[in-house]
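Overview (structure and organization)
What follows is each chain in one-letter form.
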Amino acid sequence: VQLQASGGGLVQVGGSLKLSCAASGRTSGRFVMGWFRQAPGKEREFVAAIRWNEGTLYYADSVKGRFTISRDKAQNTVYLQMNSLKPEDTAVYYCAADHGLITSSTMRPEAYDYWGQGTQVTVSS
């Protein structure tokens, strides 16, 4: 599976951005796609994930109510709509994917086999 992320940029506090990640390859079975982010000097952290076929959603507490993950099966694309952005949301955002993740693994970056290139999101105050 190859992943191509896009949509990052510079936005002011309170603004919105929408990230996209297009997947090529097999998305059948227990396929999961997720978003992670990594700020300078910090570990990569989970943001959101979606179970491709069932549509089950997972969110980090820090983004609940502000970010929405969705997918377009026809386009093999997952989106991350980010609203009410805060300076602490500044990071490089990565999309990731895996086949066969169990629920307890969806928030662990080491559980994902496939990664896209990062896209920078900068929130200015």
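Below or above, wherever it landed, is the structure these notes cover. Given the structure is predicted, the values throughout are model-derived calculations rather than measurements.

A separate point is the packing of aromatic side chains. Here the structure, examined in full by the defined rule, presents six aromatic pairs. Ring geometry for Phe36 versus Phe46: centroids 5.7 Å apart, planes at 75 degrees, classification edge-to-face. With Phe36 in strand β4 (residues 31-38) and Phe46 in strand β5 (residues 45-51), the pair connects residues that are 10 residues apart, well separated along the chain. Considered together, Phe36 and Phe46 belong to a single accessibility category, that of buried residues. Three or more aromatic residues joined by ring pairs make a cluster, and in this case those are Phe36, Phe46, Tyr94, Tyr112 and Trp115. Sitting above the plane of the Tyr94 ring, Arg44 keeps its charged end 3.8 Å from the centroid. We note Arg44 situated over the ring of Trp115; from NZ or CZ to the ring centre the distance is 4.7 Å.

Along the chain, the position of Thr27 falls in the loop between β3 (17-24) and β4. Residue classification places Thr27 among the buried residues on the basis of a relative accessible area of 14%. If we ignore the near neighbours within four places in the chain, the residues touching Thr27 are Trp52, Asn53, Asn76 and His99.

Here the focus is the pattern of salt bridges. All told, the structure shown has five salt bridges when counted by the stated rule. Residues Asp61 and Lys64 are paired through a salt bridge, measuring 3.2 Å at the closest nitrogen-oxygen approach. With a closest N to O distance of 2.7 Å, Arg66 and Asp89 form a salt bridge. Taken together, the residues Arg66 in the loop between β6 (57-59) and β7 (67-72) and Asp89 in the loop between β8 (77-82) and β9 (91-99) connect sequence positions 23 residues apart. Per residue, the accessibility class of Arg66 equals that of Asp89, and both read buried. A network of salt bridges, in which partner residues are shared, links Arg37, Glu45, Arg66 and Asp89.

Reading the values: the criteria
- Residues numbered from 1 in each chain as written.
- Predicted model: local features only at pLDDT ≥ 70, side-chain atom pairs only at ≥ 80, totals over all residues.
- Heavy atoms only, no water.
- Phe/Tyr/Trp six-rings, centres within 6.5 Å; stacked < 30°, edge-to-face > 60°.
- Helix = DSSP H or I, 4+ residues; strand = E, 2+ residues; numbered from the N terminus.
- Buried < 20%, exposed > 50% of the residue type's maximum accessible area, 1.4 Å probe, protein only.
- Lys NZ or Arg CZ within 6 Å of the ring centre and 35° of its normal.
- Contact = heavy atoms within 4.5 Å.
- Salt bridge = Lys/Arg side-chain N within 4 Å of Asp/Glu carboxyl O.

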